Amino acid sequence: MAFEGLAERLQETMSKIKGKGKVSEADVKTMAREVRLALLEADVNFKVVKQFVNRVKERAVGQEVMKSLTPGQQVIKVVNEELTDLMGREESKLEQAEKPPTVIMMVGLQGSGKTTTAAKLANYLRKEKNRNPMLVAADVYRPAAIDQLNTLGKQLNMPVYSQGTEANPVDIVREGVEQAKAENHDYVLLDTAGRLHVDETLMEELQGMKDAVQPDEVLLVVDAMTGQDAVNVAEHFNEQLSISGVVLTKLDGDTRGGAALSIRAVTEKPIKFAGMGEKIDQLETFHPERMASRILGMGDVLSLIEKAQTNVDEERAKELEKKMRNADISFDDFLEQLEQVKSMGPLEDILGMIPGAGKMKGLKNMQVDESQIGRVEAIVRSMTKAEKQDPKLMNASRKRRIAKGSGTTVQDVNKLLKQFEDMKKMMKQMSSMNGKKKGKGKGGMQLPFMR
Ligand SMILES: Nc1nc2c(ncn2[C@@H]2O[C@H](COP(=O)(O)OP(=O)(O)OP(=O)(O)O)[C@@H](O)[C@H]2O)c(=O)[nH]1
Ligand SMILES: [Mg+2]
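Keep in mind that this is a model prediction, so the values were computed, not measured. Here the residue index of a chain counts from 1 through its sequence in written order. Written order determines the labels here, with chains lettered from A and ligands numbered from 1. In view of the model being predicted, local features appear only for residues whose pLDDT reaches at least 70, and side-chain atom pairs are presented and counted only at 80 or more, with totals across whole chains, interfaces and linings using the full set of residues. Water and hydrogen atoms were dropped before computing side-chain values, which therefore reflect all heavy atoms in the structure.

*Asks:* Lay out the packing of aromatic side chains with the relevant residues and their values.
*Replies:* Only Phe, Tyr and Trp rings take part, Trp by its six-membered ring, and two of them pair if their centres are within 6.5 Å. Stacked means planes under 30 degrees apart, edge-to-face means over 60, and tilted covers everything else. Counted by the stated rule, this structure contains 2 aromatic pairs. Pairing Tyr 124 with Phe 273 gives two aromatic rings, centres 5.2 Å apart and planes at 75 degrees, and the pair type is edge-to-face. You can see Tyr 124 sitting in helix H5 (residues 114–129) and its partner Phe 273 sitting in strand S7 (residues 271–275), a full 149 residues away along the chain. One exposure class covers both Tyr 124 and Phe 273, and it is buried. Their ring planes at 20 degrees and their centres at 3.9 Å tell us that Phe 331 and Phe 420 sit as a pair that is stacked. Of the two residues, Phe 331 is situated in helix H13 (residues 331–343) and Phe 420 in helix H19 (residues 410–432); the sequence distance between them amounts to 89 residues. Each of the two residues, Phe 331 as well as Phe 420, counts as buried. Only DSSP runs of H or I covering at least 4 residues are called helices, and only runs of E covering at least 2 are called strands; the numbering of each starts at the N terminus. For every residue, the accessible area obtained with a 1.4 Å probe (protein chains only) is divided by the maximum for its type, and the residue is called buried under 20%, exposed over 50%, and partly exposed between those limits.

Listed below in C-alpha cells is the structure:
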C-alpha cells in the first residue's frame, strides 16, 4: 500500500506528542522537523513541504484551545487538518453535463492507466450511479490500444465506439459523442493516446479533441509510482489543457506516495479517483479526509477530535437557543443558522426526515423556496457589521445601499427586515408561553425563506 513509509514515520512522530499535557515551542519545533523529514523522504515536492510545515508550525503554536482535547491531541488535529487540506479537503464529485451526455476525456502519459481507468470509471458509473455509459477508442497510435478497450468493453458488456487506426482522433471523438447522443448514453468516456514524455504534437492533438467535444471533465491519469516527475507532468498538462481533475493510479503499489500528495497543491485541481489495482472494480472515489486519517493512523485521537468538534457546535447551539429565548438574535446569528440549514441539504428533504412531519397540517402545505435563501443571504451579507447587530439602524439610504450590493430591491430588503422583526416577536411570544400550552395561535413561525 502506498504511503506506508510516510504513515509509519508520521505516526511515530505523532505518538510522541499525543499524550503531552503541555506542548512547548520546542516540542512543536521538533515535531515540525520530523514531519518535514517524513514528507521529504516520501518524495513530496520540497516547496509543498515547506509550506505545509510552516502552516503546521504557525497553527500548532497559536491555536485556539479546545477544552476537551489535550495540547498534544490538538497538535495532531492541526497536522490532520493540514494533511487533509493538502489532498483537497473535500471529496470532489464528477461534473455532470446539464444536457447529457456528460463527456469525460482521459489524458496522461503512456502506461499511466488511461484505458484501464476509462473502463473502471464506466463500470463505476453503471454500478454505483445507475448510468448508461459508452466508451470511445481514440488512441490510434498503439496498434493494440483499440483491441484493449474492446476487450474491456466486452468484459463489461458495454459498447465501445471506434473507427480503426486510420481515422483522425478528433473526428473519432466528435462522431463518438454524436453516436452516444443518438443512442441515449448519458456518459461518454474518451480514451486517448499517451506518449512517453509530454510532447507538443500530442498536446495539440488533445487540445483539438477538447475543442471538438468540449468535455465536462478532462481527467489527468497519473501513475502514483512516477515520483517527482509526476508533478512536472501534471503542471504541464494543466497548463496546456486546463485539466479538471486527477486520477491517481497504482496506489496499491509500493510507492512512497509523495508525488501524489504534491499534485493537488501544485495544480490546485482535485484528485477525484484512486486506482487500487488492475481489476476493473478496483477504483475508489478519493476521500482526502479518509486518506489523511489512514496516513496518520491515530484513529482514537481523530474520533476524539470529531467529538470535540460536535461539542463546540452543541455549545454554540445552546448559546443560540438562549438568544432566541430572549429574542435577542442578530442578523449574524441568523446567517449562521442559514448556513447550517444549507449545509444539511435541500430543506424539503430535511422536513421529510422529521418523523410525522408529513402528517402535520401546517408543514404539509409549507413550501420552501430555495432560491429565496440565496437572496436573503445576499441581503444579509451586504449589511455592515453594525447593521447586522442592530437592524434599527436601517434608514432609506442604507436600505438602498444594501439592495444595490445584493442585487435586490429596497422592497426585498424591507420585506426581510419585517420578517426578521416578526420572527423576533414570535420568539418573544413563544418564550412567554413557556410552560403554558404551546402551539396555540397562528400556524407556526414563518421564516424569511418560506413562501
Ligand atoms: N496495480 C495497478 N495497476 C494498474 C492500475 N491502473 C492501471 N494499471 C495497469 O497499468 C498498466 C497500463 O495501463 P493502461 O490502462 O493500459 O495505461 P494507458 O495509460 O492506457 O497506457 P497507453 O495507452 O499505453 O498510454 C496495465 O497493466 C494496467 O493493468 C492500478 O490502479 N493498479
Ligand atoms: Mg491506453
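*Asks:* Give me the UniProt feature "domain: SRP54-type proteins GTP-binding" (unreviewed entry) in the chain: which residues, what numbers.
*Replies:* Taking the UniProt record as the reference, the feature "domain: SRP54-type proteins GTP-binding" (unreviewed entry) is found at residues 270–283. Overall, residues 270–283 shows 0% helix and 43% strand. The separation of its end C-alpha atoms is 16 Å. UniProt positions are given in the numbering used here, feature names are shortened, and annotations may be inferred rather than shown by experiment.

*Asks:* Talk me through the packing of helix H8 (residues 200–213) against helix H9 (residues 229–241); I want residue IDs and the actual numbers.
*Replies:* Orientation is described by axes fitted as lines to C-alpha atoms, over the contacting stretch for helices, and by angles from 0 to 180 degrees between their N-to-C directions. It is at 10 Å that the axes of H8 and H9 come closest, and there the two elements cross at 45 degrees. With respect to each other, H8 and H9 are oriented oblique. Along this stretch, H8 crosses H9, giving a crossing that reads as right-handed. Packed against H8, whose contacting residues are Glu 200, Met 203, Leu 206, Gln 207 and Lys 210, the element H9 presents His 236, Phe 237, Gln 240 and Leu 241 at the interface. Here the nonpolar group is Ala, Val, Leu, Ile, Met, Phe, Trp, Tyr, Cys and Pro; Asp, Glu, Lys and Arg are the charged ones; every other residue, Gly included, is treated as polar. Among the residues forming the contact of H8 with H9, the class breakdown is 4 nonpolar, 3 polar and 2 charged. An angle below 35 degrees is treated as roughly parallel, one above 145 as roughly antiparallel, one from 65 to 115 as roughly perpendicular, and anything else as oblique. Handedness of a crossing follows from how the near helix is turned relative to the far one, being left-handed for an anticlockwise turn of less than a right angle and right-handed for a clockwise one. In what follows, residue pairs with any heavy atoms lying within 4.5 Å of each other are defined as contacts.

*Asks:* Go over the side chain of Thr 115, please, and point to the residues and values.
*Replies:* Mapped onto the secondary structure, Thr 115 falls in helix H5. When residues no more than four places from it in sequence are discounted, the contact partners of Thr 115 are Gln 148, Leu 149, Leu 152 and Asp 191.

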